[in-house]
Amino acid sequence: MQMPAVNECQVEACAYNTAHTCHALAITVGNSSHAECETFFKVDSKGGDPSATGHVGACKMAKCQHNVQYECQASGIVVGYAQNDIDCLTYAPA
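Residues numbered from 1 in each chain as written. Predicted model: local features only at pLDDT ≥ 70, side-chain atom pairs only at ≥ 80, totals over all residues. Heavy atoms only, no water.

## Details of the nonpolar core
- Counting 20 residues, the largest nonpolar core has Val6, Ile27, Val29, Ile77 and Val79 as the members making the most contacts within it.
- For this core, the elements supplying multiple residues, two or more each, are strand S1 (5–9), strand S4 (27–29), strand S5 (56–59), strand S8 (76–82) and strand S9 (85–88). (Core = buried A, V, L, I, M, F, W, Y, C linked by side-chain atoms within 4.5 Å. Buried < 20%, exposed > 50% of the residue type's maximum accessible area, 1.4 Å probe, protein only. Helix = DSSP H or I, 4+ residues; strand = E, 2+ residues; numbered from the N terminus.)

Right, dumping it as structure tokens:
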């Protein structure tokens, strides 16, 4: 099984985001209420592997069309703002 890529991250303030590219090796999506990017955090410096593109390591959104046994099956995702939350914008209710 391939981990889907984070094709775009619109959250420039994230420590793993450089030029709309996620550089975390694997992110976690979802909490009890929405498809939040749980890997997001804000610091003054950038982190992650600058030569890597981020992927979805785990997704806790069991009722998403792309979720099979808590693994994302989308071809790729976009992370961005859903109101004031930082979410997987590819989330699609099942």
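Having seen it, we continue.
## Description of the state of the cysteines
- Scanning the entire structure with this criterion turns up zero disulfides.
- The thiol of Cys37 is unpaired, and the distance to the nearest cysteine sulfur, on Cys14, comes to 6.2 Å.
- Overall, the relative accessible area of 10% leaves Cys37 in the buried class.
- In this structure Cys72 is not part of a disulfide, and its nearest cysteine sulfur, from Cys59, lies 5.9 Å away. (Disulfide = S-S within 2.5 Å.)

## Quick look at the pairing of S8
- Here S1 runs beside S8; their pairing, made up of four bridges, is parallel. Looking at the pairing, Val6 lines up with Ile77 of S8.
- Examined bridge by bridge, S8 and S9 share four bridges and lie antiparallel to one another. The residue bridging Val79 from the neighbouring strand is Cys88, located in S9.
- From the end of S8 to the start of S9, which pair antiparallel, there are two residues, and Gln83 there has a positive phi angle of about 60°. (Pairing = 2+ DSSP bridges.)

## Regarding the sheet that holds S1
- Ordered in space as S1-S8-S9, the three strands form an open sheet in which the pairing is mixed. Single-partner strands in this sheet number two, and they are S1 and S9. On average, each strand axis in the sheet is tilted by 25° relative to the strand beside it, whichever way the strands run. (Axes fitted to C-alpha atoms, helices over the stretch in contact; angles between N-to-C directions.)

## Looking at the environment of Glu71
- By the element assignment, Glu71 lies in strand S7 (residues 71–72).
- Measuring from C-alpha to C-alpha, the distance between Glu71 and Ser45 comes to 30 Å, with 26 residues separating the pair along the chain.
- Apart from residues no more than four positions distant in its own chain, Glu71 is found in contact with Met1, Gly57 and His66. (Contact = heavy atoms within 4.5 Å.)

## Considering the packing of aromatic side chains
- Within this structure, the stated rule accounts for one aromatic pair.
- Summarising the aromatic geometry, the rings of Tyr16 and Phe41 are spaced 5.7 Å apart at their centres and angled 80° between planes, so their arrangement reads as edge-to-face. Here Phe41 lies in the loop between S4 and S5 and Tyr16 lies in the loop between S1 and strand S2 (17–18), a separation of 25 residues in the sequence.
- Residue Tyr16 is classed as partly exposed on the basis of its relative accessible area, which comes to 22%.
- Phe41 gets classed as partly exposed once you look at its relative accessible area, which sits at 37%. (Phe/Tyr/Trp six-rings, centres within 6.5 Å; stacked < 30°, edge-to-face > 60°.)

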